[in-house]
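Geometric and topological summary
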Amino acid sequence: MSALLDPPTVKRDRTDSDAPRAKLSNLPYGTDEASVRSFIVSTNVAVTSLLVKNNGRVAIATLPDDAALRAILTLNGNALGDRPVKVGRYFGAGDRPPAKKPTDETVAKATATTSDENVAVDAAGHVTYTLKVADREIQFAVGVREESVQSLAKDAIAALDLFDMTPGARVLVAATSKDADAAVRALREALRDGAGRVQGIDVVGFDTETKPVFVAGRPPNDVALVQLAVRGLIVLVRLDLIGGIPDSLRRLLEDASVLKVGVGCAGDEQTLSRRCPGLDVRGSFLEIDKIAKTKFPNLKACGLRSLVAILAKKRMSKGQQTKNWEQPSYTPAMV
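Conventions we followed
Residues numbered from 1 in each chain as written. Predicted model: local features only at pLDDT ≥ 70, side-chain atom pairs only at ≥ 80, totals over all residues. Heavy atoms only, no water. Salt bridge = Lys/Arg side-chain N within 4 Å of Asp/Glu carboxyl O. Helix = DSSP H or I, 4+ residues; strand = E, 2+ residues; numbered from the N terminus. Buried < 20%, exposed > 50% of the residue type's maximum accessible area, 1.4 Å probe, protein only. Core = buried A, V, L, I, M, F, W, Y, C linked by side-chain atoms within 4.5 Å. Contact = heavy atoms within 4.5 Å. Expected span 1.5 Å × (residues − 1). Pairing = 2+ DSSP bridges. Axes fitted to C-alpha atoms, helices over the stretch in contact; angles between N-to-C directions. Nonpolar A, V, L, I, M, F, W, Y, C, P; charged D, E, K, R; others polar.

Some words on the pattern of salt bridges
Opposite charge on two side chains makes pairing possible when the charged atoms of those side chains draw close. Throughout the structure, instances matching the rule amount to 7 salt bridges. Of the charged contacts, one joins Asp-255 and Arg-188 as a salt bridge, the two residues approaching to 3.1 Å between their closest N and O atoms. Of this pair, Asp-255 sits in the loop between helix H7 (247–254) and strand S15 (258–262) while Arg-188 is found in helix H5 (residues 177–192), placing the two residues 67 residues apart along the sequence. What makes Asp-255 buried here is its relative accessible area of 17%. Judged by its relative accessible area of 26%, Arg-188 is partly exposed. In this structure, the salt-bridge partner of Arg-250 is Glu-254, at a minimum N-O distance of 3.3 Å. On the criterion of helical spacing, the pair formed by Arg-250 and Glu-254 is a turn pair, its members being 4 residues apart in helix H7. Accessibility expressed as a relative area gives 25% for Arg-250, which makes it partly exposed.

Looking at the nonpolar core
Soluble globular proteins tend to bury their nonpolar side chains together. Membership of the largest hydrophobic core comes to 32 residues, with the highest contact counts inside it found for Val-226, Leu-228, Val-237, Leu-249 and Leu-272. Of all the secondary structure elements, the ones that give two or more residues to this core are strand S10 (170–174), H5, strand S12 (201–210), strand S13 (223–230), strand S14 (233–238), helix H6 (239–242), H7 and helix H8 (265–275). Once residues within four sequence positions are removed from consideration, Leu-228 is found in contact with Leu-187, Val-204, Gly-205, Phe-206, Leu-233, Ile-234, Val-235, Leu-249 and Leu-252. With 19 residues, the next largest nonpolar core counts Val-36, Ile-40, Leu-50 and Leu-80 among its residues.

Considerations on helix H10 (residues 304–311)
All buried positions along H10 are accounted for by Ser-306, Leu-307, Val-308, Ala-309 and Ile-310. In the core, the buried residues of H10 are packed alongside helix H4 (154–158) and helix H9 (288–295). A positive phi of about 55° marks Lys-313, the residue just after H10.

Overview of unusual backbone geometry
The residue Asn-44 is not glycine, and still its phi comes out positive at about 60°. For Asn-44, the location among the structural elements is in the loop between helix H1 (33–40) and strand S2 (49–53). On the basis of relative accessibility, which here comes to 47%, the residue Asn-44 falls in the partly exposed class. The phi dihedral of Lys-313 falls on the positive side, at around 55°, and the residue is not glycine. Note on placement: Lys-313 falls in the segment after H10.

Examining H5
Along its 16 residues, H5 runs 22 Å from first to last C-alpha, staying within 8% of the 22 Å computed at 1.5 Å per residue. Gly-194 occupies a position one or two residues after H5 and carries a positive phi of about 90°.

What about the sheet that holds strand S8 (residues 126–133)?
A sheet is described by the order of its strands in space; here 3 strands give the open sequence S7-S8-S9, paired in antiparallel fashion. Taken across any chain shown, the strands that pair with only one partner, and hence form the sheet edges, are strand S7 (119–121) and strand S9 (136–144). The mean inter-strand angle of the sheet, taken between neighbouring strand axes irrespective of direction, is 20°. Running at roughly 40° to S9, H9 makes contact with S7, S8 and S9 of the sheet.

Here we look at the pairing of S8
Where S7 lies against S8, 3 bridges are found, and the strand directions are antiparallel. The residue bridging Ala-120 from the neighbouring strand is Thr-128, located in S8. As paired strands, S8 and S9 are joined by 8 bridges and run antiparallel to one another. Across the sheet, the residue bridging to Lys-132 is Glu-137, located in S9.

Things to note about the packing of H5 against H7
At a closest axis distance of 8 Å, the pairing of H5 and H7 adopts a crossing angle of 35°. Residue-level inspection shows Ala-180, Asp-181, Val-184, Leu-187 and Arg-188 of H5 in contact with H7, the latter providing Ser-248, Leu-249, Arg-251 and Leu-252. Along the lines of polarity and charge, the residues of the contact of H5 with H7 split into 5 nonpolar, 1 polar and 3 charged.

Some points on the environment of Lys-53
Looking at where Lys-53 falls in the secondary structure, it is placed in strand S2. In this structure, the C-alpha to C-alpha distance between Lys-53 and Ser-25, residues 28 residues apart in sequence, is 10.0 Å.

Some points on the environment of Ser-317
Secondary-structure assignment places Ser-317 in the segment after H10. Classification of Ser-317 as partly exposed rests on a relative accessible area of 41%. As a C-alpha pair, Ser-317 and Ala-158 span 159 residues in sequence and 9.5 Å in three-dimensional space.

Following this line, the structure appears as structure tokens:
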């Protein structure tokens, strides 16, 4: 078996166009070649070459034939660490015919419609997002579409100043249920003072962290940390030390009057349900990456790092993603 996956002496991003290739994306930050090969090994495919790039988030596998490609594609959705891996056929430069220039008709159609039923774009390019929460609808005026906004290259992002929202903000780390109750109470007080008010709606920034798993086939760990933020206040609740979700935090997550906003937070909602069976957020989670894709239609990436670089002109470090979020205490960089 190991002979099938022996690494080649030369790795290339592109080979002869007749050789099918597969792209594995959404890999955990820092994934190495050995981890990708362990992930692939169950298919018994003889990988011709393997290139891991984008800080371990993407891998390109060159394959001997279409049968090998079909076998690799069966891995789509399987977990590596705590992330479901996206596997699809890879089309590099030169593999596709030149794109057709859009006509006035196709541009108008793209401007007036969107694949997301919650997003409406009028003929003038004004974007409105409608979110159904519990028994009501919330509408956000997102602004005018900006087709001139482009994704920044990695070297351009690397040249930006580091983004840090903690200076001037109060940071509360809750490692017990009592601490969590006090932190959530402080967050609700901040909301009453208008710290999270956006277009008349109480909004809280939301994210989670999970201890990574780098062994193929091993189930992901439960959520270790819940992060909540409003202007001037950051709350970190350590579910791993508490052993579950405190009632005060559960009530906040299920509170339909408080909108929880993040990038890809629908996945966080699902993983939280393992810690808190029966959790009912009633649609109160909003994925801002979906809105960004409509407001900035020419962005190639709408992840948090990309959006921070474009909107805040800052570089967001992702080096902490592969840290052990279940360790007894956090370093200053993790906080």
